[in-house]
Amino acid sequence: MGIGIGILGGGTVGGALVRRLVDNRDVIAAKTGLQLEVLRVGVRTLDKERGFDLLPGVLTDNVADVVADDSVEMLVEVMGGMDPAGDLVLAALRAGKPVVTANKELIAARGPELFQTAEEAGVSLLFEAAVGGGIPIIRPLWETLAGETLTKVMGIVNGTTNFILTAMSESGMAYKVALAEAQRLGYAETDPSSDVTGVDAAAKAAILAGLAFGSWVGADAVYREGITGLDPVDLQFAAELGYVVKLLAVAERTEEGVNARVYPAMVLTHHPLASVRGARNAISIEGPAVQRLLFSGPGAGGEPTASAVLGDIITAARELRAGTLVAPRIRLADGGVADFGDVSTMWYLRLMVVDQPGVLAQIAAVFGHHGVSIRSVRQECSGDEATLLIVTHSAPERAQQAARDGLRGLGVVSNVAAAIRVESTES
Ligand code: NAP
Ligand code: HSE
């Protein structure tokens, strides 16, 4: 007998998933012994070209019906957003139906409540596709590495911004053109501002931090900067200095608590993350025994994401057929959140300064006053003005910030034109 599946969403991910479930039905059955039946697909607009054909009555614009339908044994949520997705997922769990979702925004915001509801209902809530697109990362982190005391997770977790940064730095493509192309290719969120402002990456960082360290920090506690403030000229200067700019998500366990952050940062060209191009993602996981593991692959797009969703569907279907849970429960403690001001990084600064004797000495004095050591300085002169490219050594956020404030107060500095963190960890 088949397993009845209800899907919320028939867009980039939902469409790819439906095609795969229908076209590969026999292959999946031969491999797993499971007959997966797409019984309902909920969308917003019925009269839209979707690239898949379903029997009459399967496609509906009544999403509550998909959850309530008795023949639907499992819910797949690939519609995105908080509402109505959150309440529909809760309703399915409370009705004893396992849920598979790709919705990182929802998991990051309401994870503990959803995990608790799934536990009480005795069903699985699976979300492999929520981080890293087609890369298996949730299961390895939560299951395979359960015995490891992890210390740091760092990576590129947003395909859209990595696609944009790659296109801008390698082909000189304009930001807007690159973003439009990422949207066309199905990498971007329905509202792409969540990609470029770092909201999407922050949700993923919160999930990774929670699973890596077993305590939930939540998306609101993730320090966040996006890529919208980057000037293409700094991508060029980065290349000249031997760096590539990437939007990084970093989560660390410190004595003060867990720290999670998302920001653009320069990485050395020979760093493993530097070669992650286009919409690919890569996530490194560090722990005392495993040292450093690197997971990489396609991080966005309908097909790779549908592959991760399908893997979860098969797990949930096996559980339904076996009448027992296979996937481990997600149990989390409340965790302390470390102060971002204590986080130490190197910085790249581009300063516009007056080209006259003594300027460098004044600038160096400001850095010295705030305990920030200078690692390198490059100067480009044009007329009476000079551009200074300064890379500092590592120092806490609050000291680096105070140094920049001090520089802005110097009469010889006309502009702190750019300030970008530099990730100093080398392979
Ligand atoms: P999408 O292309 O915008 O598709 C969303 C689908 O949900 C559409 O079919 C839409 O219906 C339907 N929908 C949205 N709100 C609805 C509502 N209120 N009522 C009924 N139907 C509604 O989005 P997507 O790219 O497939 O992303 C879906 C989810 O997967 C999101 O949570 C996203 O974060 C996640 N995800 C996406 C990717 C990716 O690369 N795209 C990767 C990983 C995870 P219509 O078609 O009628 O508008
Ligand atoms: N918009 C997301 C990205 C999709 O670009 O990474 C994958 O989660």
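The text that follows walks through the structure, step by step, so that each part is easy to find. Note on numbering: residues in each chain are counted from 1, in written sequence order. Key to labels: chains lettered from A, ligands numbered from 1, both in the order written. This being a predicted model, a pLDDT of at least 70 is required before a residue's local features are given, and a value of 80 or more before pairs of side-chain atoms are given or counted; all residues contribute to the totals for chains, interfaces and linings. Hydrogens are left out, water is left out, and the side-chain values use all remaining heavy atoms of the structure.

The next thing to look at is the packing of aromatic side chains. Note on aromatic contacts: the rings of Phe and Tyr and the six-membered ring of Trp form a pair at centre separations within 6.5 Å, being stacked when their planes are under 30 degrees apart, edge-to-face when over 60 apart, and tilted otherwise. One pass over the full model with this rule turns up 4 aromatic pairs. Here the aromatic rings of Tyr 223 and Phe 340 are separated by 3.8 Å at their centres, their planes lie at 10 degrees, and the arrangement is stacked. In this pair, Tyr 223 sits in strand β9 (residues 223-224) while Phe 340 sits in the loop between β14 (333-334) and β15 (344-354), placing the two residues 117 residues apart along the sequence. Of the residues examined, Tyr 223 reaches a relative accessible area of 27% and is grouped as partly exposed. These aromatic residues form a ring-pair network of at least three members: Phe 115, Phe 127 and Trp 216. In this structure, Arg 404 is placed above the aromatic ring of Trp 347, and the distance from its NZ or CZ to the ring centre is 3.9 Å. Put simply, DSSP marks the helices as runs of H or I at least four residues long and the strands as runs of E at least two long, and each gets a number from the N terminus on. Throughout, exposure labels follow a simple rule: accessible area from a 1.4 Å probe, protein chains only, divided by the maximum for the residue type, with under 20% read as buried, over 50% as exposed, and the rest as partly exposed. Only lysine NZ and arginine CZ atoms are considered, and such an atom sits over a ring when it is within 6 Å of the ring centre and within 35 degrees of the ring normal.

The subject of this paragraph is the site of ligand 2. Here, proximity means that at least one heavy atom of the residue falls within 4 Å of the molecule or strand. As a matter of local geometry, ligand 2 sits amid 13 residues, with Lys 104, Gly 159, Thr 160, Tyr 187 and Lys 204 nearest to it. What qualifies as a polar contact is a pair of N or O atoms within 3.5 Å, subject to a donor-acceptor requirement within protein and to the restriction that residues adjacent in sequence count only when both atoms come from side chains. Contact between ligand 2 and Asn 158: an oxygen atom at 3.5 Å from a side-chain N or O atom of the residue. Going through the elements one at a time, α7 (159-171) and α10 (199-213) are the ones with two or more residues in the shell around ligand 2. Across the shell around ligand 2, the residue classes break down as 4 nonpolar, 4 polar and 5 charged. Any residue outside Ala, Val, Leu, Ile, Met, Phe, Trp, Tyr, Cys, Pro, Asp, Glu, Lys and Arg is labelled polar, Gly included; the first ten of those are nonpolar and the last four are charged.

It is worth spelling out the pairing of strand β4 (residues 74-77) at this point. Taking every second residue as pointing to the same face, both faces of β4 are buried, with Met 74 and Val 76 on one and Leu 75 and Glu 77 on the other. Two strands pair under a simple rule: DSSP has to find at least two bridges between them. The sheet contact formed by strand β1 (residues 3-8) and β4 spans 4 bridges and is parallel. By the bridge assignment, Gly 6 is partnered in β4 with Leu 75. Crossover β4 to strand β5 (residues 99-101) through helix α4 (residues 85-94) is right-handed. Consider the strands pointing away from the viewer: the crossover is right-handed when the path from the first strand over the helix to the second runs clockwise.

Quick look at the packing of α4 against helix α5 (residues 104-121) now. Only C-alpha atoms enter the line fits that serve as axes; for helices the fit covers just the stretch in contact. Angles between N-to-C directions range over 0 to 180 degrees. Direction vectors running N to C along α4 and α5 enclose 15 degrees, while the axes themselves pass 9 Å from each other. Viewed along their axes, α4 and α5 adopt a mutual orientation that is roughly parallel. Between α4 and α5 lies a crossing of right-handed hand. Contact with α4, carried on its side by Ala 85, Gly 86, Asp 87, Val 89, Leu 90, Leu 93 and Arg 94, involves Leu 106, Arg 110, Glu 113, Leu 114, Thr 117, Ala 118 and Ala 121 of α5 and no other residues of that element. For the contact of α4 with α5, the residue count by class is 8 nonpolar, 2 polar and 4 charged. Comment on the angle field: the value is read as roughly parallel under 35 degrees, roughly antiparallel over 145, roughly perpendicular from 65 to 115, and oblique elsewhere. The sense of a crossing depends on the near helix, which, turned anticlockwise from the far helix by less than a right angle, makes the crossing left-handed and, turned clockwise, makes it right-handed. In what follows, residue pairs with any heavy atoms lying within 4.5 Å of each other are defined as contacts.

For helix α1 (residues 12-23), spanning 12 residues, the distance from its first C-alpha to its last is 17 Å, which sits close to the expected 16 Å at 1.5 Å a residue. Within the span of α1, buried status applies to Val 13, Gly 14, Gly 15, Ala 16, Leu 17, Val 18 and Leu 21. Buried residues belonging to α1 abut β1, α2 (25-32), β2 (36-42), β4 and α12 (302-322). Here the expected length of a helix is defined as 1.5 Å per residue gap, with one fewer gap than residues.

A separate point is the sheet that holds β5. Pairing is parallel in the open sheet, where 6 strands are placed in the order β3-β2-β1-β4-β5-β6. Each end of this open sheet is capped by a strand with a single partner; those strands are β3 (59-60) and β6 (125-126). Packing of α4 onto the sheet brings it into contact with β1, β4, β5 and β6, and relative to β4 it is tilted by some 165 degrees.

The next point concerns the pattern of salt bridges. Salt bridges are identified by distance alone: a Lys or Arg side-chain nitrogen within 4 Å of an Asp or Glu carboxyl oxygen. A complete count under the given rule lists 25 salt bridges for this structure. Across the salt bridge formed by Asp 231 and Arg 350, the nearest N and O atoms sit 3.5 Å from each other. One end of the pair, Asp 231, is in the loop between β9 and α11 (232-240); the other, Arg 350, is in strand β15, with 119 residues separating them in the sequence. For Arg 350, a relative accessible area of 9% corresponds to the buried category.

It is worth spelling out the packing of α7 against helix α8 (residues 175-184) at this point. Relative orientation of the contacting elements α7 and α8 amounts to 135 degrees, with a least axis distance of 9 Å. Of the possible angle classes, the one that applies to α7 and α8 is oblique. Judged by the sense of rotation from one axis to the other, the crossing of α7 with α8 is right-handed. Facing Thr 160, Phe 163, Ile 164, Ala 167 and Met 168 of α7, the residues of α8 in contact are Tyr 175, Ala 178, Leu 179, Glu 181 and Ala 182. In terms of residue class, the contact of α7 with α8 is built from 8 nonpolar, 1 polar and 1 charged.

If you trace the backbone, Leu 185 turns up in the loop between α8 and α9 (193-196). Judged by relative accessible area, which is 33%, Leu 185 ranks as partly exposed.

Our next topic: the site of ligand 1. Lining the immediate environment of ligand 1, one finds 26 residues, of which Gly 10, Val 13, Thr 45, Glu 189 and Gly 301 sit closest. Between Gly 186 and ligand 1, the recorded distance is 3.1 Å, taken from a backbone N or O atom to a nitrogen atom. Take Thr 190: an N or O atom from its side chain is 2.9 Å from an oxygen atom of ligand 1. When ligand 1 is considered free in solution it has 900 Å² of accessible area, and contact with the protein chains removes 88% of it. Considered class by class, the residues forming the shell around ligand 1 number 10 nonpolar, 11 polar and 5 charged. A 1.4 Å probe and the Shrake-Rupley method give the accessible areas. Residues count as covered only by the protein chains that appear here.

Moving on: the pairing of strand β11 (residues 257-268). Of all 12 residues making up β11, 12 are buried, and the element is well covered by its neighbours. Where β9 meets β11, 2 bridges bridge the pair, whose relative direction is parallel. If you follow Tyr 223 over to β11, its bridge partner there is Arg 261. The hairpin formed by strand β10 (residues 243-254) and β11 contains 2 residues between the paired strands. One ladder, built from 3 bridges, connects β11 with strand β19 (residues 413-423); its direction is parallel. Bridge pairing in β19 places Met 266 opposite Val 422.

Let us now look at unusual backbone geometry. Here the bond from Asp 83 into Pro 84 is cis, since omega is 5 degrees, no more than 30 degrees from zero. Tracing the sequence through the fold places Pro 84 in the loop between β4 and α4. Phi is positive for Gln 291, close to 60 degrees, though the residue is something other than glycine. Structurally, the position occupied by Gln 291 is in strand β13 (residues 291-298).

Honestly, it's all geometry; don't read function into it.
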